[in-house]
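# Secondary and tertiary structure notes
So you can see what is in the structure, the chains are spelled out below.
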Amino acid sequence: MLSEVLLEEFEVLESIYPTELSKSSEKDIQIDVEPEEIEEGLPSLRLTLSVHYTDDYPDALPDLALAPLEGDVEQVELDNLLEGLTNVGEENLGMAMTFTLVSHLREQLTALVQSREARRKFEDSEKERLALEEEELRTRGTPVTIESFKEWKAQFDKEQAERKAKQEEERLKGLTAKEREEYKRINFRLSGRQLFERNRILDEEALLEEGTVSVDISQYERIREEEDEEEEHVTFSDSD
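Residues numbered from 1 in each chain as written. Predicted model: local features only at pLDDT ≥ 70, side-chain atom pairs only at ≥ 80, totals over all residues. Heavy atoms only, no water.

## Things to note about the environment of L81
Formally: Per the convention used, a helix needs a DSSP run of H or I reaching at least four residues, while a strand needs a run of E reaching at least two, with both numbered from the N terminus. Whether two residues are in contact is decided by their heavy atoms, any of which lying within 4.5 Å being enough.
Within the fold, L81 resides in helix α2 (residues 75–91). Taking the C-alpha atoms as reference, L81 lies 9.6 Å from L112; in sequence the two are 31 residues apart. The contact partners of L81, leaving out residues within four places of it in the chain, are L47, L66, L105, Q108 and L109.

## Quick notes on a nonpolar patch on the surface
Note the following rule: Exposure above 30% relative accessible area and the lack of any salt bridge qualify a residue for a patch; like charges then connect within 9 Å, and the nonpolar side chains Val, Leu, Ile, Met, Phe, Trp and Tyr within 5 Å. Using the Shrake-Rupley algorithm and a 1.4 Å probe, accessible areas are obtained, with residue cover drawn only from the displayed protein chains. What counts as a salt bridge is simple: a side-chain nitrogen of Lys or Arg found within 4 Å of a carboxyl oxygen of Asp or Glu.
Together, V12, I16 and F99 make up an exposed nonpolar region whose accessible area comes to about 250 Å². With respect to the element layout, I16 can be found in helix α1 (residues 4–16).

## A short note on the pairing of strand β3 (residues 46–52)
Side-chain positions along a regular strand alternate between the two faces of the sheet. Applied cut-off: Only strands joined by at least two bridges in the DSSP assignment are considered to pair.
The pairing of strand β2 (residues 28–33) with β3 spans six bridges and is classified as antiparallel. Among the inter-strand pairings, D28 is bridged to a residue of β3, identified as H52.

## A look at the layout of surface pockets
Let me state the cut-off plainly: Put simply, the grid is 1 Å and covers the protein atoms alone, a cavity is a trapped set of points that fit a 1.4 Å probe, a pocket is an open set with protein on both sides within 12 Å along at least five of seven lines, and lining residues have an atom within 4 Å of a point. Grid points are joined across faces, edges and corners, and a volume is the space filled by probe spheres set on the points. Each residue receives one of three labels: charged for Asp, Glu, Lys and Arg, nonpolar for Ala, Val, Leu, Ile, Met, Phe, Trp, Tyr, Cys and Pro, and polar for the others, Gly being one of them.
The computed volume of the second largest pocket comes to approximately 160 Å³. Forming the boundary of the second largest pocket are Y17, E20, I31, D32, V33, E34, R46, V102 and R106. For the lining of the second largest pocket, the secondary-structure elements that each account for two or more residues are β2 and α3 (98–139). Considering each element in turn, the lining of the second largest pocket owes the most residues, three residues, to β2. Across the lining of the second largest pocket, the residue classes break down as four nonpolar, no polar and five charged.

## Digging into the sheet that holds strand β1 (residues 21–25)
Our working rule: An axis is simply a line fitted to the C-alpha atoms; with a helix, the fit covers only the stretch in contact. Between two such axes, the angle follows the N-to-C directions and lies from 0 to 180 degrees.
Pairing in this open sheet of four strands is antiparallel, and the strands run β1-β2-β3-β4 from one edge to the other. Among the strands making up the open sheet, the edge pair consists of β1 and β4 (63–70). Between one strand axis and the next, the sheet turns through 20° on average, direction left out of account. Of the strands in this sheet, β1 and β2 are in contact with α1, which crosses β1 at around 140°.

## Observations concerning the side chain of Q30
Applicable threshold: As used in this structure description, the phrase polar contact means that two N or O atoms lie within 3.5 Å; if the pair is within protein, one of them must be able to donate a hydrogen and the other to accept it, and residues adjacent in sequence are counted only when both atoms belong to side chains.
With respect to the helices, strands and loops of the structure, Q30 is situated in strand β2. A distance of 3.1 Å separates a polar atom in the side chain of Q30 from a polar atom in the side chain of S24. When near neighbours in sequence (up to four residues on either side) are disregarded, Q30 contacts E20, L21, S22, K23, S24, T48, L49 and S50.

Spatial relationships are all this shows, so hold off on functional conclusions.
Given below as structure tokens:
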């Protein structure tokens, strides 16, 4: 036979949850629970709280269970929600507690939905930040240490010198003595653009040693290409 406390509690619960509550036996009820008011557009989430009242209720906790009704819920989240309900129930032993349990569950579902949305926004923000950092690394100069830059620069200068020597040898083979003299004169005269670029690189090398700037190594390749283009346009005068 149901206790007077439980009979009164059922009457109250049926008036509060006319559509959400259902009975499967005299001591077993199910209540569909959803979050309190949340922002429009957030995913729906509803659970079914199953309550089995023992003979010692309300001096003993009822048996509680949670099952997803709408929306995805991980098992660890269900376990955390049940643990919270148990703690609240223990604080309310000796009195009707079902309404208190449902109210607590609604609050926890609201917090769960909000935390999920906050996590989603954070992850989207992190993805955007990482994408911006990747783009910045792709477009800015490559940071190098003094040692690694000097090592690279020494190899670069060596390759440049070897390439220049080979090119000059090939060019001079087919020139007359006068053309060779004019070629050497033109070849050792730097253009305004070349002087500017070389001064800028020297300034960057000095700043690199002070640790105040990163160097874009690609600019060396660019200067080499421009020098090649200028040399290709060199012509010799036919006048004596």
